[in-house]
Amino acid sequence: MDTSLDLLLSAAWFTARIIFVGTFGLYLVTQGNPRELQGTAKIFHYLNAAPPTAVFRWRKRDGYEVIVYNTATDEEEVKPALFQPVRWSPTFLLWRKKRPQPKNVMVRSALLAFLVRFVFFIWFFLGSFCLLGWLAVTESRHWVVAMGVLAVHQLAFARTNIYFVWLRWWLFVVVGLGVWVYLQGGAFETIAVCTVGALVVIAILGQWYMTTSRRFQHMRDLGFGPFDPSRRGRPW
């Protein structure tokens, strides 16, 4: 095994590139996940079905609360928020928050958010699978491993609505060692790619099990670890 300084520096450089491109790519693909597209469509239908006189007021911690005028009592009724845009979402800036907004403004924002999600779905979600499939056919079969990792990651997100495998210290270690082995050349390339891919898939499946198993219900109730509300939608 080559342990020269040049190889170690090359491994560190390639690791940083893989982590950056992979993390940013997963973020873009996840924004176009069918679950996100479906959720935005539900928000649009909900807003479109609201009474014409409804007013929506932004509350930082709770989301949009709905103010509806009740003709029977001649009073305004404040209903709790039913949705809250995710701060780390690319559609977050489309929602107006400075003052109460009428229904037509909210419906227009929801429609724009749906269109943005649809673009992400076509360009990044479907496009990434097409690109990896094309690379697997024309370049190297190693890209099949990347496609498998992406498929498991997106399925886990669709089932749990929780982000997995972003910027974690252990990810740098695993990918770094894998890149070093890969640069040895020959059969080590396949060993490194398959090993790193398998470890990442196992990590995703383990976190998926954690989010759905009754054994971790207490952790979910307390909002501890990966269930911390402040981590919702964050890519780290």
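Every value quoted in this text rests on a predicted model; they were computed, and no experiment measured them. (Residues numbered from 1 in each chain as written. Predicted model: local features only at pLDDT ≥ 70, side-chain atom pairs only at ≥ 80, totals over all residues. Heavy atoms only, no water.)

Chemist: What is the right way to look at the pattern of salt bridges in this model?
Modeler: Once the charged atoms of two side chains with opposite charge are near each other, the side chains can pair. If you walk through the whole model with that rule in mind, you get 3 salt bridges. Here Glu36 makes a salt bridge to Arg117, at a shortest N to O gap of 3.8 Å. Taken as a pair, Glu36 in helix 2 (residues 34-48) and Arg117 in helix 3 (residues 103-138) lie far apart in primary sequence, 81 residues in all. Using a relative accessible area of 16% as the deciding quantity, one classes Glu36 as buried. (Salt bridge = Lys/Arg side-chain N within 4 Å of Asp/Glu carboxyl O. Helix = DSSP H or I, 4+ residues; strand = E, 2+ residues; numbered from the N terminus. Buried < 20%, exposed > 50% of the residue type's maximum accessible area, 1.4 Å probe, protein only.)

Chemist: Where do I start with the packing of helix 4 (residues 143-160) against helix 6 (residues 187-212) in this structure?
Modeler: Packed helices, taken two at a time, are described by the angle their axes make and the gap between the axes. Running from N to C, helix 4 and helix 6 point in directions that differ by 5 degrees, and their axes come no closer than 9 Å. When the interaxial angle is binned, helix 4 and helix 6 end up roughly parallel. On helix 6, the residues that touch Val145, Val149, Val152, His153, Leu155, Ala156, Arg159 and Thr160 of helix 4 are Val193, Cys194, Gly197, Val200, Val201, Ile204, Leu205, Trp208, Thr211 and Thr212. Here the contact of helix 4 with helix 6 is built from residues that sort into 12 nonpolar, 5 polar and 1 charged. (Axes fitted to C-alpha atoms, helices over the stretch in contact; angles between N-to-C directions. Parallel < 35°, antiparallel > 145°, perpendicular 65-115°, else oblique. Contact = heavy atoms within 4.5 Å. Nonpolar A, V, L, I, M, F, W, Y, C, P; charged D, E, K, R; others polar.)

Chemist: How do you make sense of helix 6 when you look at a structure like this?
Modeler: Turn by turn, an α-helix covers 3.6 residues, leaving residues three or four places apart pointing in a common direction. Here helix 6 contains 26 residues, and its C-alpha end-to-end distance of 38 Å stays within 8% of the 38 Å for a straight helix at 1.5 Å per residue. Within the span of helix 6, buried status applies to Ala192, Val193, Val196, Gly197, Val200, Val201, Ile204, Gln207, Trp208 and Thr211. (Expected span 1.5 Å × (residues − 1).)

Chemist: Explain the pairing of strand 2 (residues 63-70) to me, please; I cannot follow it from the model alone.
Modeler: Put simply, side chains in a regular strand alternate between the two faces of the sheet. Here strand 2 lies mainly inside the structure; 7 of its 8 residues are buried. Sheet analysis places strand 1 (residues 55-59) next to strand 2, joined by 5 bridges and oriented antiparallel. Across the sheet, Phe56 pairs through a bridge with Val66, a residue of strand 2. A loop of 3 residues connects strand 1 with strand 2, the two strands running antiparallel in sequence. Sheet analysis places strand 2 next to strand 3 (residues 75-79), joined by 5 bridges and oriented antiparallel. By the bridge assignment for strand 3, Tyr69 is matched with Glu76. (Pairing = 2+ DSSP bridges.)

Chemist: When you look at the layout of surface pockets in this model, what are you seeing that I'm missing?
Modeler: Here the idea is plain: a probe the size of a water molecule rolls over the atoms and shows the empty space left. As a volume, the largest pocket reaches approximately 1400 Å³. Along the walls of the largest pocket sit 39 residues, with Ile18, Gly22, Leu132, Trp143 and Ala146 positioned nearest its centre. The set of elements that each furnish at least two residues to the lining of the largest pocket consists of helix 1 (5-31), helix 3, helix 4, helix 5 (169-182) and helix 6. Of the residues that constitute the lining of the largest pocket, the class distribution is 28 nonpolar, 9 polar and 2 charged. (1 Å grid on protein atoms, 1.4 Å probe; cavity = no way out; pocket = protein on both sides within 12 Å on 5 of 7 lines; lining within 4 Å. Points joined across faces, edges and corners; volume = space filled by probe spheres on them.)

Chemist: How should I be thinking about a positive patch on the surface in this particular structure?
Modeler: Taken together, the side chains of Arg96, Lys98, Arg99 and Arg108 make up a positively charged region of the molecular surface. Tracing the sequence through the fold places Arg96 in the loop between strand 3 and strand 4 (101-102). (Patch = residues over 30% accessible without salt bridge, like charges linked within 9 Å, V, L, I, M, F, W, Y side chains within 5 Å. Areas by Shrake-Rupley, 256 points an atom, 1.4 Å probe, with all protein chains shown as cover. Lys, Arg positive; Asp, Glu negative; His and termini not counted. Charge placed at Lys NZ, Arg CZ, Asp CG, Glu CD.)

Chemist: Even after reading the chapter, I still don't get the confidence of the model for the protein chain, so can you show me in this structure?
Modeler: The predicted structure's coordinates, where accompanied by low pLDDT, should not be read in detail. Mean pLDDT over the protein chain: 85, with 90% of residues reaching 70 or higher. Confidence, read as mean pLDDT per element, is least for helix 7 (residues 217-222) in the protein chain (70) and greatest for helix 3 (95). (pLDDT = per-residue confidence, 0-100.)

Chemist: What is the right way to look at the packing of aromatic side chains in this model?
Modeler: The relation between two aromatic rings is expressed through the spacing of the ring centres and the mutual angle of the planes. Summed over the entire model, instances satisfying the criterion amount to 8 aromatic pairs. Arranged with centres 6.5 Å apart and planes meeting at 35 degrees, the rings of Phe118 and Phe121 form a pair that is tilted. On the criterion of helical spacing, the pair formed by Phe118 and Phe121 is a turn pair, its members being 3 residues apart in helix 3. The interplanar angle of 35 degrees and the centroid separation of 5.2 Å between the aromatic rings of Phe120 and Phe124 together place this pair among those described as tilted. Here Phe124 and Phe120 lie together in helix 3, a separation of 4 residues that amounts to about one turn. (Phe/Tyr/Trp six-rings, centres within 6.5 Å; stacked < 30°, edge-to-face > 60°.)

Chemist: Looking at this model, I keep getting lost on helix 3. Mind explaining?
Modeler: Here helix 3 contains 36 residues, and its C-alpha end-to-end distance of 51 Å stays within 8% of the 52 Å for a straight helix at 1.5 Å per residue. The sharpest bend along helix 3 reaches about 40 degrees and sits at Gly127. (Bend = angle between axes of the 7 residues up to and from the residue.)

Chemist: Honestly, the nonpolar core in this entry has me stumped. Any pointers?
Modeler: The tendency in soluble globular proteins is for nonpolar side chains to be buried as a group. With 19 residues, the main nonpolar core has Val175 and Val200 as its most contacted residues. Looking at this core, the elements that each hand over two or more residues are helix 1, helix 4, helix 5 and helix 6. Among the nonpolar cores identified, the runner-up in size contains 15 residues, and Ala54, Phe83, Trp95 and Ala110 belong to it. (Core = buried A, V, L, I, M, F, W, Y, C linked by side-chain atoms within 4.5 Å.)

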